[in-house]
Structure formats: C-alpha cells, structure tokens
Amino acid sequence: MNIQSTGMERGAARLSLSGVTFRYRYRNWRQPLKTRLGAGIHDVDLEVNSGSILGLIGPNGSGKTTLLHTIAGLNIHEKGDVKFSGQDREILGWTNAQRHIGLMPERVNWSGSSTPREILARIQTMRGEGDSPENLLKTVGLSNRINTPLDNMSQGMRQRLSLACALLGSPEILLLDEPLNGLDPVAQAAFRRLLRELADAGTAIIVSSHNLHEMELFVDSLAILHRGQMVAYGTLDEVDRALGCSPSLLIAGNGWCPPSSDSFGAGVSMEIMEPKPGEKWRFTLHRNIAFNSNEKHKILTSIENAGGEICHLQTMFPSLEDVLAAATGESAETVGLEVGNDAMLPIKKWEVGEDE
Amino acid sequence: MSRLSREKRILRLSWFEARQHFKSPRMIALIALLVLFIGGGSWGLSDPSSQVTAQLQIDSAYEVLFLVSLFVLFSSTLGVVLLGFDGISRKRLTGELAIELIQPIDRIDLARSQLQGLWLAVFLPTAIACAIGTMLIEAQMDDWPTIGEFVYFMIPTGLVIFWYACIQLLASSVAKDLGSSVTLGVGVWMLFTLVWLLITAVLAAFIGVDVTDLESVEYDHFSEMVDLFSPNGVYQLLLEDGLDNESAPQLKTAYIWLAAIAWSVIPSALFVRRFKTLKP
C-alpha cells in the first residue's frame, strides 16, 4: 500500500461548513424568465478534522449528494461559508480550492474501450500532475486490470477506479458518495481498511450512505441528514446518547431466564419476546449507550452462572427510520421514506416552489 | 500556470478525447461513410465518361473537389453527429462528468479540450479521405489540384466540422437523457442538411421572391443571403468563392468570411458559456 501523508497535523479542522444553504433552481418553460426554487440543503454546520472519517447518513433524497457536491464546488452555496483549513474557498480560488478535494460520485458507470490507465492519465492531465498511476491502481486493487477495457470491468472494479480518480493528487479532503454500493462483503472490508489507512495518513474523509449499520463499522463521527437539514451530528457515542438509538442486544437461550433487567445494571430495559422460562427463551436488552464488549461478557456470564445456556447473541442495530424518528421527534410511520419533489423540505421554515 | 503549459495541457486533453473517439465502434461507421461518400464521389465524379448533369462542366481537379464537398458535407457532418451527439450527456448519465468537473482546471480549458477532441476525431479521417479522394481524381483525370487549392478546400472543411462540433456539444450539454441527445443532434443536422432548402423557398415566397424559377438571379441572390445563416450554406459559399467568376457567389467575399467568423465564434462561445455553469 502506498498512501501519502497529507502533511496535515492530525486533529486540525480540515473542512468546516457554517450555515451552508443551497437550493436547486428550475426553469419553467412557460415562464422562462422565472426560476422555481426546489429542494436543497439548509443551514448546514459541519467540521471534519484531519485524520477523521465522518459518516453522512440519511434516506434517499435527504440531501447527502447535494451536500457533497456543494463541498466539492459543483453547487454554489447561496449562504454560509465553506472553509478548507480555515481558508474560505472563494478566497482560495477555483483551481487552488479544488486541489484540496477528491470526489468519488455514486456508482460511476465507466464504459467504453478506454482503460483505467488512460482514464487516470486523463484526470492527471486535468490536475496538472504527471505521476505514474500504477501505484494508485495498486492501492485500490486494480493493478492487474490496468489495461482492461472499461466495458469488461465489473461494478466493483468500476467503484475502485472511481476511488482511484478521487485519490489522484492525494487530496486532503475525500468525499465518497455511497462508496460501498456494488462491492461484495470482502471488498467492502478491504475498502473500509483502506479508508482507515487514508485517514491515519491525515486525510479528512466524508462517506455518505443510507446504511447506518455499515457506517458504524468504520466512522469516527456521524451526521444525519433529513429533508436537507442536519438533524444530528457528533461522535457515535454523542449521537447514540442524544437520540437514545444505540444498538440493542438480542440474546436467546435455554434453561434459566433472567426475570427482569435489574441484574444488568441501571438504565437497561428488557423486552422478553419468548417468555418460556425453563425452556427456550429470547429477549432484547437496550440502553441509551451501546454495550461494550466487557459489559456484554458480564451479562452473558451472569446468565450462565445462574443456570442459563446461551444459544445466540446478536447486536441489533436501529433502523434508519428509528434514528430519524428519534432525531426529528416524528413517528417512524410519519418520517417515512417517501421521496418527492419536496423531500428536502422543512422541518425548519422554508418553502419549496416559491418563484423568484 | 504559464500560457504555454496551459495550451499544452488543453492539447493533451484534446488528444485523449480524440483517441477515445478513434477507439469507439462508432468510428467504424464514420470511416465507412467517409470511404463511401468521399472516395466514391471522387472516383465517380472524375470519371471522364460520366456525365452528372448537363449543366455541370467538370474541367479541373478542383472542380471535382468542389462537387465532392457535397459528399463531405453529408458524411463528415453526420460523423460529428455520430460521435458528438452524446459527448456531454453520456458523461453526465454515467457520472464521469462529476469527476471531470471537480478537477482543478479552468472550465473554459475543459470545454475547449472537449471541442477540439471531437473536431480532431472527425477532421483527421476526413482529411485523410480527401487526400485519398484527390489521388483517385488524379488516377481518373490525370490532373492534381494545386496544393493551394487543396489547402483552400480543407480550410472550410475544417471550419464546417468545427461548427457542427460546437452545435452538437451544445445540444448534448442541454440534453438530460440519451433520447433528447439523439433528437437534438440529428434534428439540428437534418435542419441544415435536408430541410434548409425548403426553409429558403418558404422564406422567399413569404417576402415575394419568385420561387417558380430556382435558377433566377433574384432567387439565387436571396438563397445566398439565407445560406449565411446555415453552416452548410457558408461552407458552400466559401468553396464557391474559390471558383472562377461565372460560378462564384454574388455575395461579397467579406460577407461570407464574416459569416464564417460568426459561425466560429458564436456557437463555441455559447458552448463554453454553457459548460461553465454545467451541473453533473
């Protein structure tokens, strides 16, 4: 693996957003001089430090891609500030600002008879850099596909090529839009390891996903977007504590069954699903903060010592719906996943469809 | 970045773009078109035993080249449509456009490289086909066009390919899906190549020019004026301007070149302007 250090002091704020607002504008063919304001992102505050991975989660249409594109300069924000290492992106200028950024868009469908080597050489030329792309292709696991036509590559290989494009020039901020889509579990694990290595080398990384479970495996902090607004933001523990949405423990077994949660410590609630003491039983344990491995071990030992036999232990992650419901105060049914034109609309007060 | 290295970077990117087109299966269709139209046209029109129409007197190799320009117009501009109709929209649909647009390069430079790449991909095979056509003419007529005549023929040919490249990429940048790209690309080509004659006749009738005699001086002059608004028309006028006095257009050379400059500047400026605000 050949990952270059960004030369950035670990922990320093690499990217900061304050009050960033952007809304799409649509032309109305009947009234060509007017633009219709559509969905977007509203008043987003965010800070990503060098060496950390931020997970951006939210349902479809919540504004994750819009936010990533706004940071990348593809959308021009109307309000707020985007700063790279404390410097405003407008002051840095387009070319200098873009050198800080690497973007991996969602599911790039690379096609044609070009090869990964040619694609990288072209992007390198755009960046004005002349390093050999071989090392980069090795880093993303495409070293033996350097001259394979794009048409002959699988979706997983295409994802790796997109990552290689994002890594060109060793950018200090890496924006990855649903990077694990299309990757098999083995490739996903390798991908997560690679991201951690990049972060350890000083890169600030933002990864978007709608899968909370896969995020918890490798991110340092979480930002939850819903209808274009940030509804929760912080480290995993902070978000868990704030929303009370930590993972539950599902335990199943035979023999003795604990009658209540009292023996598992304060703040633990218990839901017995198959209450057949003396035979088979199954229950879940929940607490505002996730159980760590020591606590899990203690719980299992206490059951076994009392005569119970554990058959199954599973960590149950909350669904995105549950998290959003907790974050917005709406019910899981209301918060829904229905996506429409006004999907990014307001929990706060702004209106879609107003004319300018 | 110095001016020289900037130009060098644009040229390298243009070459990457052109090479992608050269390797695409569509290039086979373009080469077939060029061989059939330019090669076939040069061979057939220069055959001393053939009589195209009673009105056409072919006396020199340049006059054959001039007639071959009709086939160049048909095949090369169709080639630009073939290669360029989805030049931007395909990248947008696949997601490649987002990767290109975030790179630390001026959008104007990126737009220029797209334009030059498409132009190069069509102009190079066209120039080769024209050179081979000239050899075929020599084989049939035992007469070469002068180097000056050949260069004079290739300049408007390069220009008309450039104009179509601008129009196609502009249309492709507007289109949001492949269907719209095809419709816009082929539609614009059909407008200037097939429908323009009809538009000219309708306009002439509308303003009172006699359209029952298409050979009349009045109609001829009117159609030349209307042709200034069509890339094909300007191409033909530029080439006619190189013929002897009898066949030369009635319009002043300056007007024709002014129209050529306008066709070179306006669509390319519109494309660059559109590219600067392009969203993936």
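Throughout, a residue's number is its position along its own chain's written sequence, starting from 1. To read the labels, note that chains go from A and ligands from 1, taken in the order they are written. Only residues with pLDDT of 70 or above have their local features reported here, since the model is predicted, and side-chain atom pairs are shown and tallied only from 80 upward, although totals for entire chains, interfaces and linings are computed over all residues.

### Looking at the overall build of chain A
Here a strand is any run of E in DSSP of at least two residues, a helix any run of H or I of at least four, and the numbering for each starts at the N terminus. When its secondary structure is counted, chain A shows 12 helices and 14 strands. Partly exposed residues are those falling between the two cut-offs: more than 12 but fewer than 20 other C-beta atoms within 10 Å of their own, whereas 20 or more means buried and 12 or fewer means exposed, with C-beta atoms placed from the backbone. In chain A, which comprises 356 residues, the proportion classed as buried is 41%. Restricting the contact set of chain A to residue pairs at least 6 apart, pairs at least 24 apart contribute 73%. Working definition of a contact: two residues with C-beta atoms, positioned from the backbone, lying within 7 Å.

### Here's the deal with the packing of helix H8 (residues 178–206) of chain B against helix H9 (residues 217–227) of chain B
All names here are of chain B. Close contact between H8 and H9 brings their axes to 10 Å; oriented N to C, the two are set at 120°. In terms of their interaxial angle, H8 and H9 are classed as oblique. Taken as a pair, H8 and H9 cross one another with a handedness that is right-handed. Residues Thr200, Leu203 and Ala204 of H8 lie in contact with H9, whose contacting residues are Tyr219, Phe222, Ser223 and Val226. In the contact of H8 with H9, the residues fall into 5 nonpolar, 2 polar and no charged. All axes here are fitted lines through C-alpha atoms, helices being fitted over the stretch that makes contact, and every angle between N-to-C directions spans 0 to 180 degrees. Working definition: roughly parallel below 35 degrees, roughly antiparallel above 145 degrees, roughly perpendicular at 65 to 115 degrees, and oblique for all remaining angles. We call a crossing left-handed when the near helix sits turned anticlockwise from the far one by less than a right angle, and right-handed when that turn is clockwise. Here the term charged refers only to Asp, Glu, Lys and Arg, the term nonpolar to Ala, Val, Leu, Ile, Met, Phe, Trp, Tyr, Cys and Pro, and the term polar to all other amino acids, Gly among them.

### Quick look at the pairing of strand S11 (residues 248–255) of chain A
One bridge is not enough; two strands pair if DSSP finds at least two bridges between them. Note: S11(A) against strand S14 (residues 308–316) of chain A, 8 bridges, orientation antiparallel. Across the sheet, Gly255(A) pairs through a bridge with Gly308(A), a residue of S14(A).

### Points about the sheet that holds strand S2 (residues 31–49) of chain A
Residue and element names in this part refer to chain A. Here 4 strands make up an open sheet; going across it, the order is S2-S1-S4-S5 and the pairing antiparallel. In this open sheet, the two edge strands, each paired with only one partner strand, are S2 and strand S5 (87–88). Inspection of the sheet shows strand S1 (residues 13–28) paired to S2 by 11 bridges, in the antiparallel sense. By the bridge assignment for S2, phenylalanine 22 is matched with isoleucine 41. Packing against the sheet, helix H1 (residues 64–72) makes contact with S1, S2 and strand S4 (79–84), and its axis sits at approximately 85° to S2.

### Side note on the interface of chain B and chain A
The interface of chain B with chain A comprises 21 residues on the first partner and 25 residues on the second. If you list the elements that add at least two residues to the side of chain B that touches chain A, you get helix H1 (3–23) and helix H5 (96–101) of chain B. Per element, the largest residue contribution to the side of chain B that touches chain A is 6 residues, and it comes from H1(B). Partitioning the side of chain B that touches chain A into residue classes produces 10 nonpolar, 5 polar and 6 charged.

### Re the packing of helix H3 (residues 61–84) of chain B against helix H6 (residues 107–141) of chain B
Each packed pair of helices is defined by two parameters, the angle between the axes and the distance between the axes. Residue and element names in this part refer to chain B. At a minimum axis distance of 10 Å, the contact between H3 and H6 shows a crossing angle of 155°. In this view, H3 runs roughly antiparallel relative to H6, as classed from their interaxial angle. In this structure, H3 crosses over H6, and the sense of that crossing is right-handed. Contacts from Ala61, Val64, Val68, Val72, Ser76, Gly79, Val80, Leu83 and Gly84 of H3 reach H6 at Leu118, Ala121, Val122, Thr126, Cys130, Gly133, Ile137, Glu138 and Met141. Looking at side-chain class alone, the contact of H3 with H6 contains 12 nonpolar, 5 polar and 1 charged residues.

### Brief notes about the domain arrangement of chain A
Residue ranges labeled as domains rest on an automatic or database domain assignment. Split by domain assignment, chain A resolves into domain 1 (13–243) and domain 2 (248–316). Taking the mean C-alpha position of each, domain 1 of chain A and domain 2 of chain A sit 40 Å from one another.

### Focus on the environment of Ala204(A)
Residues and elements named next belong to chain A. Inspection of the secondary structure puts alanine 204 in strand S8 (residues 204–209). Residues alanine 204 and serine 52, spaced 152 residues apart in sequence, show a C-alpha to C-alpha distance of 5.3 Å. With sequence-adjacent residues up to four places away left out, alanine 204 is seen in contact with Arg14, Leu15, Val48, Asn49, Ser50, Ser52, Glu172 and Ile173.

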